[in-house]
Structures are given as structure tokens and as C-alpha cells.
Amino acid sequence: MNAPTIPATGATPDLEVRSLSKRFATHLAVDALSFSVAHGSFFSILGPSGCGKTTLLRMIAGFIQPDGGDIAIGGRDMAQVAPNRRPVNMVFQHLALFPMMSVAQNVAFGLARRGVARAERLRRAEAMLERVGLAGAGGKRTDELSGGQRQRVAIARSLVLEPTLLLLDEPLGALDLKLREHMKVELKQLQSAFGTTFVYITHDQSEALVLSDHVGVMNHGRFEQLGTPQELYYSPATSFVADFVGANNRLAGKALSVSGSLVEVGTSGGWVVRARRHGAIAAGAAVEAFIRPEAAMLGRTPAELPAGQPAHSGEVISLLFDGANSVVLLHESRSRVQLRIALPQTGAYSDLQVGAHICFSFDPERAICFPARAAHA
Amino acid sequence: MPESAVTAVWYRRLVLALLLAPALLWLFALIILPHLDLALLSFRQRVAPRQYVLSLAQYRTFFGEPLYWHVFVRTALLSALATALTLLVAFPIAWIIAKLARGRMSALLFVVCLIPFWVSETVRTLGWMILLRESGVLPALLVHLGITHQPVELLYHDATILVGLVYTSLLFMVVPLVGSLESLDNALIEAAYDLGGKGWSILREIVIPHAAPGITAGCIVVFMLTLGNYLTPTLLGGKSSQWFTEQIYTQFITRFNWEQGAAFGFLLLALSTAMVWLGLKISGQRFSDVMRRA
């Protein structure tokens, strides 16, 4: 059999998208998007529903014709290539296993379409099932499998064709929380075991952060930021990314003064904080500041707080216990702005009561300030 | 307390019996009873005026007279052919209604399939005669277009009977097909296409296996309707139609031989039962699944 040619040089990306656009009536779903995905990497497209990520994925698969731009897979232009001839396979949102066939027949379906002889394709299907940990399940009906096993069949069915690219359309969306956590780990292990390039779309930021080598955060048909999960989390490029990726406290206000890399932000309630400047901000401009829950430190008195950081105070309104992810919700004393601050895992604040007054501070370098979004929905 | 519980159980049973009564009465009085009477009728022979004996003579006559079983086999084969043709015509229509048309368009197409049934079957069939007879619209059109030199008689051919039967049966095939195609997830078709499938292989591997209960249901209904149809073969086929229902009609009405007619009726019932059984066996479907679709 002729495997889809994978260039020996690592220089050619497995997927290259250049100024790709798609418009539905008046709605611009994908807006002049360009990016490339390196061979063997796990790439996620993260965005809220309606951001255009499904349209983008379906254009790569070939189910939707783009209005403009190019898609190259494994260095080959895909403009005139039908979906059933692309070196790309897709794992559908609800998996789309064929209920009229056995598990082995599902996996062998693509091989049969390529004209592989019956004995050979059953052998390869069985070998593939073994690699995904489903040895001996070939004779079962698809509805006899658990949710996780069904997902592995869907992936095996695609990978048996040795595609250059595997597209995954929110396959974990329909699973319950516990299974989803489990399948996240399994997906990452499968990807590193096979070394196939995965392009994964999701609206769940934690899935994208855990699984990916690189993430494109998509909004209104464009990438707000493209980077590693760490870059997205610690150095968001836009206020949308800061808001969407990970938990964050958002403060809207005005820039009171700008000194070097720090901005003094005044909220409408009269609270003043300092944060690192991102982008051009002039004094008096509308801004948005973000403080991660774990960036703030708690103290019962101002003396307990790190020296040199401005001290703030607030009233506890709620305690959300969640093991290592426990947080306290408080109202800043002056402005009543609601904040979410991580509780230290030492148990030092286990006696904290609703209504208690508490101090907190944060390093202004770890808070980030953006110019306010022009049209904030 | 146990006594009131017992009363409640009896009360529930009484309500259930009363609710079922009309259906059971209908089943018994109008279906089982006449058939029992016909069965008795078919197993007797008149030996003298008002004198009857139990015998298999009526069935022996059927097998002894080539004309009868010739017509019988011909009716079965033409009915099977009409069913197959109806399936071929109905499948694309059902596909368009279930998968391609959206909202109002899909409802409109359904109505188009239903419209012929607003007219009585007799009038509809007479309409076909007006179109097809030698002095009718279609032969005149053929002459006008220069395809034939003189008007040809398009009535009284087997093909004409088939056209009429397909036309009459179409809706009964389209309805179960639309039902089973609508429940086919489009993602399955996309997945098959994504895995390298082409039109024909997707139809064979995905669409037909999924729609099998609907296809079988439609085929059973259409085959039964066609086999038992009297009007369409008689009017469109004329003297040469040789449909088995005509034989039954002749025995009962023209020759007043109720015993022979009853035997013929039971043979037709046996034929239709056998064909349905065969159809289910070949398609590997269960009767209960199929009937839920019909």
C-alpha cells in the first residue's frame, strides 16, 4: 500500500493555512486566517461557540469550500482535492461510528475503500485495535462499548489509514466529567504513541491547555493569539485571551497614570491598583486589568503580606472548597468589586468565615493591563 | 386494605377490557369470522343441489387447470416487479424529502406525493386511460413529434399495468423510506466519505443497511397492495391483464362458485404470507421492527 507521503525534512509543516476566509451570508465565519502546524504536534483551536472553529475544521477536511486562501497538507495544495481523497481523517463530535457494522468492520471500512484485500484489512484492523487497547473487541457491536472505548474505535478507524493529519471535532464534549478527564490523558498518550499530527477543536480551555503543544485562541473568525499553553496563560496577548483562558479577575477602569511598564488603574468604585502595561496606554484611557486568582496573597493583617506590595482589604462573601483548587470570593472593601483569590494549600485559612475581613496583595508585575476592547460585547 | 386493592385491580382490568373492546370486536367480527367461514367454504364440494361434502376438490381444480396457476404465478411475479420498480422510483424521492429539502420544501414535496390520493382510484385510473388509449393524448403526441407514424395503443400491455401499479403504490413506499432516511445521522455519511467512501459504496454500506427496516416495510405494504389490487390491472390491462383477483371476482360474481372463489382467496393469502416471510428472511429483518416503520 502507498502511505501518504510524509516529507522526510521536518521543514514542511503537515498543515499550512494561508489567508483562509469563509463568509456565510453576512457573517464572516473565518477571516483571512494563516497558521501552520508542525509534523507530529498536537495543535488545538480554542474558542467560544460561533467563533468559526468548526467552519475552519470542516474546510481543512474538505466538507466546506473556502471563499479564499489556500490549505496545504503535507506540502500538497488541497484546493481541488475531494474530502475522500485528502490525507486527512476526522473524529466527529458524536464519533459517528457505523452502528450497522462490528467494531472490526468500522476500523476496516477505510481500508476496504482503498481496495485492501479482505484478509489483509481484517489483520490490520485487529492490529490497530490492539494498539489502542481494544484487542479482541473486533467482533463486538459498537453499542456494546463504553464511551471511552467508542472514542478509541473512532480514532483507530482514522489512524489505520495513516493520515498526515487527524482532525478532532470536540470528541470529549458529549462525555461526562470523570470520563472526560480520563479521555484527556488517553488522547495525549495516543497522540504521542502514534506521532500523528492532531488538530483538535474545543471550547474548553482546560482541554486545550492540558493536551496541546500549541493553541490558537479563536474569536470572530481570527486568532487572538497563537502560542504554547504557558504563553497563553502567563502572557496573554489580548484581553480576550486573558478573559477566556484560565480563571481571571477582570477589573474595568481608567488609567490614572502610566509610569514605564506599570499602569495605575482606577475602577469606577474608586479602588486603585497597579498592573503591568500591555500595548499603548495613555493616562485617562479606558483599560481592563486582569489578576489571576493564584497571583494574589492573603494575610490576616497587612504585616503578613510581602513587603513592598500595596496592601488591599476585603470582606469574605463565599468560600468555595474544591481541594487544591479552593478559592475565596471577596468584595474589595472600598469598591465592592468581587474578586476570586486562591486559598493556600497549607490549610492556614481553614477557619475563615463568611463576613470576615481579610487583607490581600499582589505583585503588579503579575497583573496585566490592556486597553479596553473597542466593542466589548 | 387487601380487599380494596383487589377491587382496584379488577377495576383497572375492566377499563382495559372496555378500551380494547372495539378493536377486538372489529378484529373478530370483520376479519376472523368471515375468514373462518371462507375457509370452511373452500373445503367443501357441491355434489347435488343443496348437498355438500368435505373435500379438497377446489384446491385440486386450481392445480389441475394450467390457466389458474399460470395467472397465479404471473400475478406474483408482476407484483414483485412492480414492488421493485416502486422502490427504485421512491428511493430518490424519499432521499430528496428526507435529506436535501428543508422545512417547507420538504412538506411541499410530501403533499405532491399525496395529491393523487385526493382523487378516487377509479377516476385516477380512468385518467391514465385517457392519456394512453389509442386516440389519447400520449399517442397523439408521439405522432406529432414524429416518433411514430400512426397512433399506437399504449393500453392493455403489461408495462401499462406496471406503470399504473407503481403510480398507485408510490406513497406507501415513500412514507416508510422517508422515516428511515430521516433517522440516518448525516455525520455517518460524512464519516464514510471522510474515510474514502464514494457515492455507491456509501449507499451500499451505510444508507441501505440503515434504511433496511423502512425498505422492507415499504416493500411488504406495496407488494400486498399490488397483489390484491383489482381495479388497476383490470382497467389498464383489459382482457389481457390476467390478474388473480379477477379470477376470484369471476368465481364469486360471474360463476357464482363461492367454494372455488374462497379457495382462490386462501391461495392468494398463502402467497402473500409466503412472500412476506421470504422477504424478511432475505433482508434479515424482524417483523416487529419492520411493522413499527410502516
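Residues numbered from 1 in each chain as written. Chains lettered and ligands numbered in written order. Predicted model: local features only at pLDDT ≥ 70, side-chain atom pairs only at ≥ 80, totals over all residues.

Q: Could you give an account of the overall build of chain A, with specific residues and numbers?
A: Helix and strand counts for chain A stand at 8 helices and 20 strands. Expressed as a percentage of its 377 residues, the buried residues of chain A come to 40%. Nonlocal contacts in chain A, meaning residues at least 24 apart in sequence, comprise 66% of its contacts between residues at least 6 apart. (Helix = DSSP H or I, 4+ residues; strand = E, 2+ residues; numbered from the N terminus. Buried ≥ 20, exposed ≤ 12 C-beta atoms within 10 Å, placed from the backbone. Contact = placed C-beta atoms within 7 Å.)

Q: Account for the nonpolar core, naming residues and giving values.
A: Judged by nonpolar contacts, the single largest core of 124 residues is most densely connected at A:Ile60, A:Val107, A:Leu129, A:Leu167, A:Ala289 and B:Leu177. With 12 residues, the single largest contributor to this core is helix H9 (residues 199–227) of chain B. Both domains that meet at this core, namely domain 1 (15–239) and domain 2 (247–371) of chain A, each give it at least three residues. The residues contacting B:Leu177, other than those within four sequence positions of it, are B:Ala90, B:Phe91, B:Ala94, B:Ala211, B:Gly214, B:Ile215 and B:Gly218. Formed by 12 residues, the second largest nonpolar core is a distinct cluster that contains B:Ala82, B:Leu154, B:Val166 and B:Leu236. (Core = buried A, V, L, I, M, F, W, Y, C linked by C-beta atoms within 7 Å. Domains from an automatic or database assignment.)

Q: Please give an account of the domain arrangement of chain A that cites residues and values.
A: One can read the domain layout of chain A as domain 1 (15–239) and domain 2 (247–371). The gap between the C-alpha centroids of domain 1 of chain A and domain 2 of chain A is 39 Å.

Q: How would you explain the sheet that holds strand E9 (residues 214–219) of chain A if you had to name every residue and give the values?
A: Residues and elements named next belong to chain A. Read across the sheet, 6 strands follow the order E6-E7-E8-E3-E9-E10 without closing on themselves; strand pairing throughout is mixed. One side of each edge strand has no neighbouring strand; the edge strands of this open sheet are strand E6 (88–91) and strand E10 (222–227). When strand polarity is set aside, the average angle formed by the axes of neighbouring strands in this sheet is 20°. The pairing of E6 with strand E7 (residues 165–169) spans 4 bridges and is classified as parallel. (Pairing = 2+ DSSP bridges. Axes fitted to C-alpha atoms, helices over the stretch in contact; angles between N-to-C directions.)

Q: I'd like to hear about helix H4 (residues 147–159) of chain A, residue by residue, with values.
A: Residues and elements named next belong to chain A. Spanning 13 residues, H4 covers 19 Å between terminal C-alpha atoms, matching the ideal 18 Å at 1.5 Å per step. Of all 13 residues making up H4, 10 are buried, and the element is well covered by its neighbours. Every buried residue of H4 is listed here: Arg-150, Gln-151, Arg-152, Val-153, Ala-154, Ile-155, Ala-156, Arg-157, Ser-158 and Leu-159. Where the residues of H4 are buried, they touch E6, helix H2 (103–113), helix H3 (118–131), E7 and helix H5 (177–194). (Expected span 1.5 Å × (residues − 1).)

Q: Mind laying out the sheet that holds strand E12 (residues 262–267) of chain A, listing which residues take part and the relevant values?
A: All names here are of chain A. The 5 strands are arranged E11-E12-E13-E20-E14 in a closed barrel whose pairing can be described as mixed. Looking at each pair of strands side by side, their axes are set apart by 50° on average, direction ignored. Inspection of the sheet shows strand E14 (residues 286–291) paired to strand E20 (residues 368–371) by 4 bridges, in the antiparallel sense. For Glu-288, the partnering residue across the bridge sits in E20 and is Phe-370.

Q: Account for unusual backbone geometry, with residues named and values stated.
A: Its identity as a non-glycine residue notwithstanding, A:Leu95 has a phi of 75°, on the positive side. Of note in this structure, B:Arg50 is not a glycine but carries a positive phi near 60°. Relative to the elements of secondary structure, B:Arg50 occurs in the loop between strand E1 (44–48) and strand E2 (51–54).

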